[in-house]
Amino acid sequence: MSTSAPPGPPPQAIALDLATGNWKAQAVRSFVTTNIAGAMEDLCKTENIFVSADKIAEAADLHPAATYRLLRFLSTFDVCVEGPDKSFKLGPVGAVLTPNNPQSVASAVVWEASLTPALGWDKFDTFLKTNKSVAKEAFGGKDMWAHFAENPETFAIFQKAMTGYSNEEAFFLFNPDLSPTFDLSGFKTVCDLGAAEGTLSLFLAKRFPDCEYILADLPEAVARIDTAALPPTFSTEAVNFLDSVPKADAYVLKHIIHDWDDENSEKILANIREANPDATVFILEFGPMPGPNVPHMSKGFDCHMGVILSACERTQEEYNALFSRCGYSNAKVHLLAGGGYPLYIQELKPVTE
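Residues numbered from 1 in each chain as written. Predicted model: local features only at pLDDT ≥ 70, side-chain atom pairs only at ≥ 80, totals over all residues. Heavy atoms only, no water.

**Q** What is the right way to read empty space enclosed by the protein from this model?
**A** This structure, assessed with the given rule, holds one cavity of 30 Å³ or more. Here the largest cavity defines a volume of roughly 210 Å³. Taken together, 19 residues form the lining of the largest cavity, with W111, F158, M162, D259 and M305 sitting closest to its centre. Elements represented by at least two residues in the lining of the largest cavity include exactly α7 (106-112), α8 (115-121), α11 (144-150), α12 (152-174) and α16 (297-309). Sorting elements by how many residues they give to the lining of the largest cavity places α16 first, with five residues. Classifying every residue of the lining of the largest cavity gives 13 nonpolar, four polar and two charged. (1 Å grid on protein atoms, 1.4 Å probe; cavity = no way out; pocket = protein on both sides within 12 Å on 5 of 7 lines; lining within 4 Å. Points joined across faces, edges and corners; volume = space filled by probe spheres on them. Helix = DSSP H or I, 4+ residues; strand = E, 2+ residues; numbered from the N terminus. Nonpolar A, V, L, I, M, F, W, Y, C, P; charged D, E, K, R; others polar.)

Here is the structure:
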């Protein structure tokens, strides 16, 4: 009988690593919010040379010993790489947390690791008893949208995060090699529903320049858009898409349906159908969700959406059932990077009698 230890860490170590996962989240958040990421981007330069922790701390106006301790920890999960004599350079994860990287996810990291989502997860035990949002318990009796209305600084962080997600995801939609089957060229007007600051559509316009784009979102979101800087083919419209949507030939909904339960998701799709019964709808969400025991971002976000919004990520079967109830068929699925990226696009066509 073999007495050799199994490969990899024991289950107890894995359990403790999971339990202390928030330490990693907060370390990465501080890497961004204290501008260590920006300082290293400047100091390490394009050659990504090693720079002493003391110089990084000086550039970020931080304590050198504390900065070294953080960087040493971050080096264990590829945010940075430790070299000789307490020197560091950016790792592959740190590179996409720098402010000038076109694929930066820094703002998304700052939001997801912030206090607001954590307050919701702190009530996860309650969610497990009800399968309903615990936002009101977490945010003093208000749902998340009311919480945002009373806390504009928090809403600004959230909106910036949505733009950060768009920066990353738009890169895949802008690049035909990464999304070869996705095509908007046959549509005159495209409505970006829940557009935030319009980042996604600005990228799409580079690939599909003949379309006219409508950036539609809540009034407080539209107010953040610098309309003077938009191309002439762009317009904005302040709407609550649970009530109505602008008329367009195609609608792009990125991370919208996963914010809502089936009842409200059906309202959104019904409003699109009322605005233009012939329109094509593109649903961009995490997925496709794989089967049992297979890791995927959609499975974690499913819990997150439930805790905060009583919403969910969906399996393909659940999506298809939702679309069918709303009079749409899933005409085509577009995978990104050959399925290697956790976002995908479902192209919906109205069902004709």
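**Q** Would you take a moment to explain the sheet that holds strand β1 (residues 51-52) for this structure?
**A** Sheet strands line up and pair through hydrogen bonds in the backbone, either parallel or antiparallel. The strand order across the open sheet formed by three strands is β1-β3-β2, and the pairing between neighbours is antiparallel. Among the strands making up the open sheet, the edge pair consists of β1 and β2 (80-82). (Pairing = 2+ DSSP bridges.)

**Q** I would appreciate a short explanation of the pattern of salt bridges in the present structure.
**A** Side chains that differ in sign of charge can pair as their charged atoms come close. Overall, the coordinates contain eight salt bridges when judged by the stated rule. For the salt bridge of E197 with R224, the shortest nitrogen-to-oxygen distance reads 2.7 Å. Taken together, the positions of E197 in the loop between β4 (189-193) and α13 (199-207) and R224 in the loop between α14 (219-222) and β6 (234-238) put the pair 27 residues apart, joining distant regions of the chain. Across the salt bridge formed by D262 and R325, the nearest N and O atoms sit 3.2 Å from each other. Separated by 63 residues along the polypeptide, D262 in helix α15 (residues 262-275) and R325 in helix α17 (residues 316-325) bring together distant segments of the chain. Ionic contacts of the salt-bridge type, sharing partners, join the residues D262, E266, R314 and R325 into one network. (Salt bridge = Lys/Arg side-chain N within 4 Å of Asp/Glu carboxyl O.)

**Q** It is not clear to me how the sheet that holds β4 should be interpreted in this structure. Could you clarify?
**A** One open sheet accounts for seven strands, arranged β6-β5-β4-β7-β8-β10-β9; its pairing is mixed. With partners counted over all chains shown, the strands left at the sheet margins are β6 and β9 (328-335), one partner each. Going across the sheet, the axis of each strand differs from the next one's by a mean of 20°, ignoring polarity. Where α12 meets the sheet, its contacts fall on β7 (250-254), β8 (280-286) and β10 (343-350), and the angle it forms with β7 comes to roughly 120°. (Axes fitted to C-alpha atoms, helices over the stretch in contact; angles between N-to-C directions. Contact = heavy atoms within 4.5 Å.)

**Q** Looking at this model, I keep getting lost on the packing of α12 against α13. Mind explaining?
**A** Any two packed helices are characterised by the angle at which their axes cross and by the distance between the axes. One can describe the packing of α12 onto α13 by two numbers: an axis separation of 8 Å at closest approach and a directional angle of 15°. As summarised for this structure, α12 and α13 are arranged roughly parallel, according to the angle between their axes. Both α12 and α13 take part in a crossing whose hand is right-handed. Of α13, the residues touching α12 (which contributes T163, S166, N167, A170, L173 and F174) are T199, L200, F203, L204, K206 and R207. A per-class count over the contact of α12 with α13 returns six nonpolar, four polar and two charged. (Parallel < 35°, antiparallel > 145°, perpendicular 65-115°, else oblique. Left-handed = near helix turned anticlockwise from the far one by under 90°.)

**Q** Whenever I open this one, the side chain of T116 confuses me. Can you help?
**A** Counting through the fold element by element, T116 comes out in helix α8. Discounting residues that sit within four places of it in the chain, T116 has contacts with W111, F139, H147 and T154.

**Q** Please clarify how the nonpolar core should be interpreted in this entry.
**A** The tendency in soluble globular proteins is for nonpolar side chains to be buried side by side. In this structure, L173, F182, L184, V190, Y213, F282 and L284 are the most contacted members of the largest nonpolar core, which totals 52 residues. Element by element, the count of residues in this core is highest for α12, at eight residues. In this structure, F241, Y251, A279 and I283 belong to the second largest nonpolar core, which totals 27 residues. (Core = buried A, V, L, I, M, F, W, Y, C linked by side-chain atoms within 4.5 Å. Buried < 20%, exposed > 50% of the residue type's maximum accessible area, 1.4 Å probe, protein only.)

**Q** Sorry if this is basic, but what is going on with unusual backbone geometry here?
**A** In terms of backbone geometry, most residues other than glycine have negative phi values and most peptide bonds are trans. Residue P288 is reached from G287 by a cis peptide bond, and omega for that bond is -5°. Checked against the element boundaries, P288 lands in the loop between β8 and α16. Unusually for a residue other than glycine, N293 sits at a positive phi of about 70°. Mapped onto the elements of the fold, N293 is located in the loop between β8 and α16. Judged by its relative accessible area of 79%, N293 falls in the exposed class. Look at A337: it is not a glycine, yet its phi comes out positive at around 55°. Position of A337 relative to the elements: it lies in the loop between β9 and β10. Residue A337 is classed as partly exposed on the basis of its relative accessible area, which comes to 33%.

**Q** Help me out: how do you make sense of the packing of aromatic side chains in this one?
**A** Centre-to-centre distance and the angle between the planes together describe a pair of aromatic rings. Under the criterion given, the structure shown has 22 aromatic pairs. Each ring, one from F73 and one from F77, has its centre 5.1 Å from the other, and the planes form 85°; the classification is edge-to-face. For F73, a relative accessible area of 29% gives the class partly exposed. Measuring from ring centre to ring centre gives 4.8 Å for F148 and F158, while their planes differ by 35°; the resulting arrangement is tilted. Of this pair, F148 sits in helix α11 while F158 sits in helix α12, and the two are 10 residues apart along the sequence. (Phe/Tyr/Trp six-rings, centres within 6.5 Å; stacked < 30°, edge-to-face > 60°.)

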